[in-house]
Amino acid sequence: MMQQLLGRLHPLIVHLPIGFIILALLLQWYDRKANDWSKIISLVYFWAGISAVMACISGYLQYQSEGYSYDSVKWHLWSGIITAIFCFAMHLKLVPKKGANFLVEAPISILSVVAFILISFTGHQGGNITHGEEYLVEPLPNAVKSMLGYEVIEEKELALTEENWEKALVYEEVIQPILSSKCVSCHNPKKDKGGLLLHSKEGILKGGESGDVLASHSEESELFARMVLPMKDDDHMPPEGKKQPTKEEIKLIAAWMDAGHPFEGTVKESGLKKDLFTSFFPSKSYKGHPEMEVLEASQDSIQSIEKFGIYVDPISESTHFLSVSCINKPDFKDEDFEKLIPIRQQIAQLDLGGTQVTDAIFEKLVQLPNLSTLKLDNTSLTGNGIVALKNLEHLHIINLSGSSFDQPTDIFNSFKTLEKVYLFETKVDKNGPKSLKDGQIVLDYGGYDLPPIPSDSIIY
């Protein structure tokens, strides 16, 4: 246990000789003309040698206790030992001792370059052990990697849409992009960890040192089993610190295996269901206003509306769209809508909740071409005529909670961009459909019951 503890101090200790050597080289450069600091620089090299010996010992203990192979550490180990010896040699060179006359003739400038090369090489070899040989070049563009002589395996993006997902090639356009971005960095012809190659069909089918990685069912697959292991497990794949696949990607790979891991054909031909792919479709999330530009509303018009008792606020600094609220104007009536006409192009959010509006307001609301969120909660309207809003191209949310709304919910099927309708405490049956248009429109009836928790029984 003590051996392992001391070994794990190596990544900390190893920075001491690096710091001492860099300091010594900087002092040498600064003192290159006066040569007044030889004793100080010699002392720095002495401590560089001492700390390098400590780093060598802790590194050797780590190699022994952590199961590294000799081939993986030999260059780092021996270059570290040579660096330690060289530090003591530089110490003797700068302040010659009896019996070290053979060092006097060596040019200090050349020895300094050698010291820099040694520490750079040793550090690089250590970095290769902990982070992999291509750690530094991995972020570089593929064109630069090719120019430097590194083999480049192109990463394909998983690009699916509502329109093309069924036509996508199941392996080349779905599975391979996931493996390329999450697994191939450790399983390619240049770095075949575990003898496994995941950059090609042939490599996947061949398997690795543990045998086949595919099976007739995902739960029997070595590849899938390693992906779902706890992150701290040594057998988890990809290893901790590497880019991890998402839950949706893992689920998709499992479904592909369960479908017989086909390498040919389309998604439709493989029989994979749509719900496996929807999370990969481009996001169309509602941002509170249309994704377009409008002219800024007249400040005179805004001030006139605010004097009437209606709040008018900008939605954000990046847009001229406005949020209008009658929260402090409960006596707002249908005919008062005319007050809003001067800013009708800029209104994206309108709150008429708790006001005196009736069903006649729907014919007026169609004059707001960029309306995105409409709140009509706690009003007496029944919804008769609400279908007039179906042509509003940016209407995403309607709140009818606490109103007298009693229309059949299927009237919302004709709305172009509607995403959510709140129907809590209306006259609509709360056991009705929870969504429309294949999930595009969510009907929220509210009335959620939270499960009890132990603290609920505490009497304060």
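Look up a bit, the structure's there.
Residues numbered from 1 in each chain as written. Predicted model: local features only at pLDDT ≥ 70, side-chain atom pairs only at ≥ 80, totals over all residues. Heavy atoms only, no water.

Novice: Hey, could you go over the overall build of the protein chain for me, with residue numbers and the actual values?
Specialist: When you go through the protein chain residue by residue, the secondary structure sums to 14 helices and ten strands. Split into buried and exposed, the 460 residues of the protein chain put 40% on the buried side. In the protein chain, of all internal contacts separated by at least 6 residues, the share reaching a separation of at least 24 is 54%. Carbon and sulfur atoms make up 57% of the accessible area of the protein chain, which totals about 26,900 Å². (Helix = DSSP H or I, 4+ residues; strand = E, 2+ residues; numbered from the N terminus. Buried < 20%, exposed > 50% of the residue type's maximum accessible area, 1.4 Å probe, protein only. Contact = heavy atoms within 4.5 Å. Areas by Shrake-Rupley, 256 points an atom, 1.4 Å probe, with all protein chains shown as cover.)

Novice: I'd like a description of the side chain of His-289, backed by residues and values.
Specialist: When you line up the elements, His-289 lands in the loop between helix H12 (267-270) and helix H13 (299-307). Apart from the residues within four sequence positions on either side, His-289 is in contact with Ile-315, Thr-319, Phe-321, Ala-348 and Ser-372.

Novice: Go over the sheet that holds strand S8 (residues 420-422), please, and point to the residues and values.
Specialist: With mixed pairing, the eight strands of this open sheet are ordered in space as S3-S4-S5-S6-S7-S8-S10-S9. Because the sheet does not close on itself, it has two edges, and the strands there are strand S3 (311-314) and strand S9 (435-436). Where strand S5 (residues 347-351) meets strand S6 (residues 373-375), three bridges bridge the pair, whose relative direction is parallel. Bridging from a neighbouring strand, Asp-351 pairs with Lys-375 of S6. (Pairing = 2+ DSSP bridges.)

Novice: Can you lay out the pattern of salt bridges for me, pointing to particular residues and giving the numbers?
Specialist: Pairs can form between side chains of opposite charge once their charged atoms are near each other. Summed over all chains, the structure comprises six salt bridges. Residues Glu-338 and Lys-364 are paired through a salt bridge, measuring 3.8 Å at the closest nitrogen-oxygen approach. A residue pair is termed long-range when its members are at least 10 positions apart, and Glu-338 in the loop between strand S4 (322-325) and S5 and Lys-364 in helix H14 (residues 361-365) qualify at 26 residues. A residue is classified by how much of its surface remains accessible, and Lys-364, at 22% relative accessible area, is partly exposed. (Salt bridge = Lys/Arg side-chain N within 4 Å of Asp/Glu carboxyl O.)

Novice: An account of H13 is needed here, citing residue identities and associated values.
Specialist: Taken as a whole, H13 has its buried residues at Ser-301, Ile-302 and Ile-305. Down the axis of H13, the buried side of the element spans an arc of 100 degrees, and every buried residue falls inside it. Opposite the buried face of H13, by more than 90 degrees, sit the exposed residues Asp-300 and Lys-307. Where H13 is buried, its residues touch S3 and S4. Two to three positions downstream of the cap, the backbone nitrogen of Asp-300 sits 3.3 Å from a side-chain oxygen, assigning the N-cap of H13 to Ser-298. (Arc of directions from axis to C-beta. Polar contact = N/O pair within 3.5 Å; in protein donor to acceptor, adjacent residues only side chain to side chain.)

Novice: Got a sec to walk through the nonpolar core? Specific residues and values, please.
Specialist: The biggest cluster of nonpolar side chains holds 42 residues, and the ones touching the most others in it are Leu-350, Leu-365, Leu-400 and Phe-412. Of all the elements in the fold, those that place two or more residues in this core are H13, S4, S5, H14 and strand S10 (441-444). When near neighbours in sequence (up to four residues on either side) are disregarded, Leu-365 contacts Phe-337, Leu-350, Leu-352, Leu-374, Leu-389 and Leu-392. Of all hydrophobic cores here, the second largest spans 35 residues; its members include Ile-178, Met-227, Phe-277 and Phe-281. (Core = buried A, V, L, I, M, F, W, Y, C linked by side-chain atoms within 4.5 Å.)

Novice: Before we move on, could you go through the pairing of S4 and cite the residues and values that matter?
Specialist: The pairing of S3 with S4 spans four bridges and is antiparallel. Across the sheet, the residue bridging to Asp-313 is Ser-323, located in S4. In terms of strand pairing, S4 meets S5 through four bridges, oriented parallel. Residue pairing across strands places Val-324 opposite Leu-350, the latter belonging to S5.

Novice: Provide a residue-level description of the pairing of S10, including the pertinent values.
Specialist: Sheet analysis places S8 next to S10, joined by three bridges and oriented parallel. Bridge assignment links Lys-420 to a residue of S10, and that residue is Val-442. Pairing between S9 and S10: two bridges, direction antiparallel. Note on S10: the bridge partner recorded for Ser-435 is Val-442. Linking S9 back to S10 in an antiparallel pair, the connection comprises four residues, with Lys-437 at a positive phi of about 55 degrees.

Novice: How would you summarise the packing of aromatic side chains if you had to cite specific residues and measurements?
Specialist: Taken as a whole, this structure holds nine aromatic pairs when the rule is applied. Sitting over the ring of Trp-29, Arg-32 keeps its end group 4.5 Å from the ring centre. Lys-329 extends its terminal NZ or CZ atom over the ring of Phe-308, reaching a point 4.0 Å from the ring centre. (Phe/Tyr/Trp six-rings, centres within 6.5 Å; stacked < 30°, edge-to-face > 60°. Lys NZ or Arg CZ within 6 Å of the ring centre and 35° of its normal.)

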